[in-house]
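One-letter residues, chain by chain:
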Amino acid sequence: MATDTTTAKPVLGVYQHGSAYMVGDGFPVRNLFPSNDLDRAVDPFLMLDYAGPQYFPPTEHPRGVGEHPHRGFETVTIVYEGRVAHRDSAGNAGVIGPGDVQWMTAASGIVHEEFHEREFARKGGVLHAIQLWVNLPKASKMTAPGYQTILNGDIPAIELDGGAGRLRVIAGSYQGRKGPARTFTPVELYDLHVKAGRRVTLTLPDGQNTSVFVLQGRAAVNGSRQAGEAELILCKRNGSQVVIEAGEDSLLLVMSGDPIEEPIARYGPFVMNTKAELIEAVQDYQAGKMGHLS
Ligand code: MN
């Protein structure tokens, strides 16, 4: 056993999805958090929605979710199959496909829409995606909105030792290779494939909240039980070593970040620090201060 138990991050638990719902009419998702009541343990991450592979028949009317606001955090959309189009009130627009990531900073507030891309909708096909919300520290919640389209080709892909699999660095770094996403607080985000029967050892910053989400396959982390499709393995903050063992060919998302440790107040698409700030967010949205889609 190569695991150094003195630095291995202890496993807090393995979690199944909570609520399952349709976002708009285009994104059938299973929610891992907040529905497992893990706010402190996943901080700085706020929400994880998994849109597992689902076939959509051809249509001239792209499915998705129409104009809606966000304030106080970032939405990160990762597409595995299909194509998703985004448009927002800050004038940003983009289409992402397999391997691409959209990193949208709502900060002081935007209004946006998220739909299946028109040509993808017309042909029909499988959509497979994740949306992850990343919190902003209080000092950055009311800063200007931003938008990063991160294409597959921009994301370093590293072949793991001994042909164990492949790791793509979306944010943070792995073995000196930096991911393209700009973040407000230290965040590591990896798209990871591990082959059946193989083991991968990651070294992540001590003190970060770290979790591994299983999209497909079966995998264990630091001696946990094997987690299957749509299960989340969550580690405690202390320690730095994360040993992932794949029981089957596995598609995983590794999320790790410095906890922000500020009060969290939520109301739908708004995540602030206090109830008063949520009321202000609703009023500002209703007054049109977050803009409109042209
Ligand atoms: Mn949205």
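Because the structure is predicted, anything quoted here is derived from the model rather than measured. Residue numbering note: each chain is counted from 1, following its sequence as written. With the structure being a predicted model, the display of local features is reserved for residues of pLDDT at least 70 and the display and counting of side-chain atom pairs for 80 or more, all residues being used for whole-chain, interface and lining totals. The basis for the side-chain values is all heavy atoms of the structure; hydrogens and waters are excluded.

K.L.:
When you look at helix α3 (residues 275-286) in this model, what are you seeing that I'm missing?
P.N.:
For an α-helix, 3.6 residues make a turn, and residues three or four places apart therefore share a direction. Compared with an ideal rise of 1.5 Å per residue, which puts twelve residues at 16 Å, α3 spans 17 Å between its outermost C-alpha atoms and is within 8% of the ideal. Residue exposure (1.4 Å probe, protein chains only): buried if accessible area is under 20% of the type maximum, exposed if over 50%, otherwise partly exposed. Note on conventions: DSSP H or I runs of at least 4 residues are helices, E runs of at least 2 residues are strands, and numbering of each starts at the N terminus. When we look at burial in α3, the residues that qualify are E277, L278, A281 and D284. Buried residues of α3, seen end-on, are gathered within an arc of 125 degrees and therefore sit on one face of the element. Turned more than 90 degrees off the buried face of α3, the exposed positions are K275, A276 and Q286. Any two residues whose heavy atoms approach within 4.5 Å are treated as being in contact. At its buried positions, α3 is contacted by β24 (265-267) and β25 (270-272). Trailing α3 by a residue or two, G288 shows a phi angle of about 80 degrees, which is positive. The span you would expect from a helix comes to 1.5 Å times its residue count less one. This arc describes the spread of directions from the helix axis toward the C-beta atoms.

K.L.:
What am I meant to see in the pairing of strand β22 (residues 241-246) here?
P.N.:
Within a regular strand, the side chains alternate between the two sheet faces. Most of β22 sits inside the fold, with five of its six residues counted as buried. Pairing between strand β18 (residues 199-203) and β22: five bridges, direction antiparallel. For V200, the partnering residue across the bridge sits in β22 and is I244. The pairing of strand β20 (residues 219-221) with β22 spans three bridges and is classified as antiparallel. Across the sheet, the residue bridging to A220 is E245, located in β22. A pair of strands is considered paired only if DSSP assigns at least 2 bridges between the two.

K.L.:
Just to check I follow, could you spell out the pattern of salt bridges for this structure?
P.N.:
Within this document, salt bridges are pairs made up of a side-chain nitrogen of Lys or Arg and a carboxyl oxygen of Asp or Glu, the two lying within 4 Å of each other. One pass over the full model with this rule turns up 13 salt bridges. A salt bridge links E277 to K138, with the shortest nitrogen-to-oxygen separation between them at 3.3 Å. In this pair, E277 sits in helix α3 while K138 sits in the loop between β11 (125-135) and β12 (146-150), placing the two residues 139 residues apart along the sequence. We classify E277 as buried; its relative accessible area is 16%. Close ionic contact of E261 with R237 constitutes a salt bridge, the shortest N to O distance being 2.9 Å.

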